[in-house]
Amino acid sequence: MCAGVAAKRGKRVIVIDHAEQPGKKILISGGGRCNFTNRDMHAERFLSSNPHFAKSALARYTAADFIALVDAHNIAWHEKTLGQLFCDGSAKQIVDMLMTSCAEGGAEVRLGQSITSIRHRDGNFTVTTSPGAASQATVVAPALVLATGGPSIPKMGATGFAYEVARQFDLDVITPRPALVPLTLGDEQAPFRALTGVAFEAVVSVGKTAFREAALFTHKGMSGPAVLQVSSYWHPGDQIVVNFLPEAPAELLLAAKRARPKAKLQQVLASSLPKRLADVLGEQLNVRSEFANIPDLTLDSIDARLRHWSFQPTGSEGYAKAEVTAGGIATSELSSKDMQATKVPGLYCIGEAVDVTGWLGGYNFQWAWASGFVAGEAV
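Residues numbered from 1 in each chain as written. Predicted model: local features only at pLDDT ≥ 70, side-chain atom pairs only at ≥ 80, totals over all residues. Heavy atoms only, no water.

Help me out: how do you make sense of the overall build of the protein in this one?
On a plain count of helices and strands, the protein comes out with 13 helices and 21 strands. Along the longest, intermediate and shortest principal axes, the C-alpha atoms of the protein span 85 × 40 × 35 Å. Expressed as a percentage of its 379 residues, the buried residues of the protein come to 50%. Counting contacts in the protein only where the partners sit at least 6 residues apart, residues at least 24 apart contribute 71% of the total. Counting only carbon and sulfur atoms, one obtains 51% of the accessible surface of the protein, whose full area is about 17,000 Å². Looking at charge distribution, the protein has the averaged site of its 36 positive side-chain charges lying 2 Å from that of its 35 negative ones. (Helix = DSSP H or I, 4+ residues; strand = E, 2+ residues; numbered from the N terminus. Buried < 20%, exposed > 50% of the residue type's maximum accessible area, 1.4 Å probe, protein only. Contact = heavy atoms within 4.5 Å. Areas by Shrake-Rupley, 256 points an atom, 1.4 Å probe, with all protein chains shown as cover. Lys, Arg positive; Asp, Glu negative; His and termini not counted. Charge placed at Lys NZ, Arg CZ, Asp CG, Glu CD.)

Help me understand the pattern of salt bridges in this model?
Taken as a whole, this structure holds 14 salt bridges when the rule is applied. Across the pair Asp40 and Arg45 runs a salt bridge whose closest N-O atoms are separated by 3.0 Å. With relative accessibility at 32%, the residue Asp40 sits in the partly exposed group. Through salt bridges that share partners, Glu201, Arg212 and Glu247 make up one connected network. (Salt bridge = Lys/Arg side-chain N within 4 Å of Asp/Glu carboxyl O.)

Is there a simple way to think about the environment of Ala250 in this case?
With respect to the helices and strands, the residue Ala250 is situated in the loop between strand 16 (240–243) and helix 9 (252–259). According to the relative accessible area criterion, Ala250 is exposed, its value standing at 64%. When the C-alpha atoms of Ala250 and Thr37 are compared, they prove to be 36 Å apart, with 213 residues separating the residues in sequence.

Please explain the nonpolar core as it appears in this structure.
Most often, soluble globular proteins have nonpolar side chains that are buried together. Within the largest apolar cluster, 63 residues are counted, with the highest numbers of intra-cluster contacts made by Ile94 and Ile329. The greatest single-element share of this core, amounting to eight residues, is contributed by helix 13 (residues 363–378). Residue contacts for Ile94: discarding those within four places in its chain leaves Ile26, Cys34, Phe36, Phe66, Val70, Ile75, Cys87 and Trp369. In terms of nonpolar packing, the next biggest core, distinct from the first, is built from 44 residues, Phe211, Met222, Leu253 and Leu273 among them. (Core = buried A, V, L, I, M, F, W, Y, C linked by side-chain atoms within 4.5 Å.)

Got a minute to help me understand the pairing of strand 7 (residues 115–121) in this structure?
The two faces of a sheet get side chains in turn, since along a regular strand they alternate between them. Here strand 7 runs beside strand 8 (residues 124–129); their pairing, made up of six bridges, is antiparallel. Bridge pairing links Ser117 to Thr128 in strand 8. From the end of strand 7 to the start of strand 8, which pair antiparallel, there are two residues, and Asp122 there has a positive phi angle of about 55°. (Pairing = 2+ DSSP bridges.)

Can you help me understand the sheet that holds strand 9 (residues 138–141) in this one?
Sheet strands associate in pairs through backbone hydrogen bonding, adopting either a parallel or an antiparallel arrangement. Read across the open sheet, the three strands follow the order 7-8-9; overall the sheet is antiparallel. Only two strands of the sheet have a single partner each, and these edge strands are strand 7 and strand 9. Across the sheet, the mean angle from the axis of one strand to that of its neighbour is 15°, orientation sign disregarded. Bridge analysis of strand 8 against strand 9 gives four bridges, and the strand direction is antiparallel. Paired with Phe125 across the bridge in strand 9 is Ala141. (Axes fitted to C-alpha atoms, helices over the stretch in contact; angles between N-to-C directions.)

Following this line, the structure appears as C-alpha cells:
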C-alpha cells in the first residue's frame, strides 16, 4: 500500500520481501476471501498504549477510501456480520490490486531477499541483502519504511524483524504478545475441553471489556470470535467471564419451573444451548432434581452463575495461532500524521509492526492501509 502510494507520487521505490510470494498473510485471511475492512470503523476499536494515536491515519484514509479502490479494480465483495467486508472471489484479488498499484507507479518488488544489515549515515539508509539473494544488491535511500508486521503466524514467515531494526535505532518497543488468539484451559476444565467443536452464542468478557459473538470450545480451550476478541485484552492471571444465556429472558429458570415442573436443568438449558454443553453445565452445577423441587432462590443463583461463568485460562495458543500481534514499536516514537520516527528522520514504521492492534473483523487490515497511505504520502 505504502509503495504504491509513494510510487504514484513519482518516488523511486523498492520493496524488499524475504518471502517468495507477496501478501501471504492476506491470502490466508478471511478463509481465503480477505476481510479487507469494516464499515463500522472507530479508533476506539484499536488497542495501543496511546489510544488516540490511530485516529489521524484512520481519518485520512478511511474504509470508504479502500472500498472505492476495491470497486475501481472491479473486485466484487459482500458484507457479513458486524460490518465485515469480504471478497466474493479470492483474497488474491486484493494482493493483485496492490501489486498492480505498485507496478503502475513503477515500484520495484524484490521477493525472496533477506536483509542482512541496515545502516544510517549522512541522511541515507543503506540496506544490504543476503549473498544468496537472486539479485544481490545494496540499496541506498533517504527513506526507509518498516512494514514487516509482527511474529504472529510464523509458518507464513512472520518474524520480529521490525523490532530488531527499531531497537537498532533506539526506538522503544512495547512488549509484543499474541492477540486475537485462542485461549487454553487447564485440566480442571477438562469437561469443557471435551466439548471440542461445540459452538454457541455468548457474551465473553475480561474486566470491563465484553464481546457478544460466537464462542467455541476446542481440545485445548476456547476460541471463536468472542474469545479471540477478548484475548487481545487478556493478560496472564486474568479470568474471563462467559454469559451462556445472552438471549434468554431474565427469569428463564423460574418460568421453566412454572411451565415444566418435572423438567431437569439440562433439559431446559438444551432449549437455549447445544445439548452437549447443557449436559456439562448441569453436571458442573450438580443439579439433579426436578424443577418443582428446587427453591426459587436456588434457581436465581443458578441463573446468575450461568450468566457469569468464570474461566481461568492457563495461557493462549501463542503466535502460531494468533491472527495479529499486540504491542510493537512504541507510538511515542512516531508521528501520528505520517508514521515517521521523531528522532530518526526518514525512518517510517507502519502496520502491525506498530503498537496498534485492531479488533477482529477487518480492523487490522484497515490500519495497514491507512498507516501505509499516510507514510506513502510523506516519504
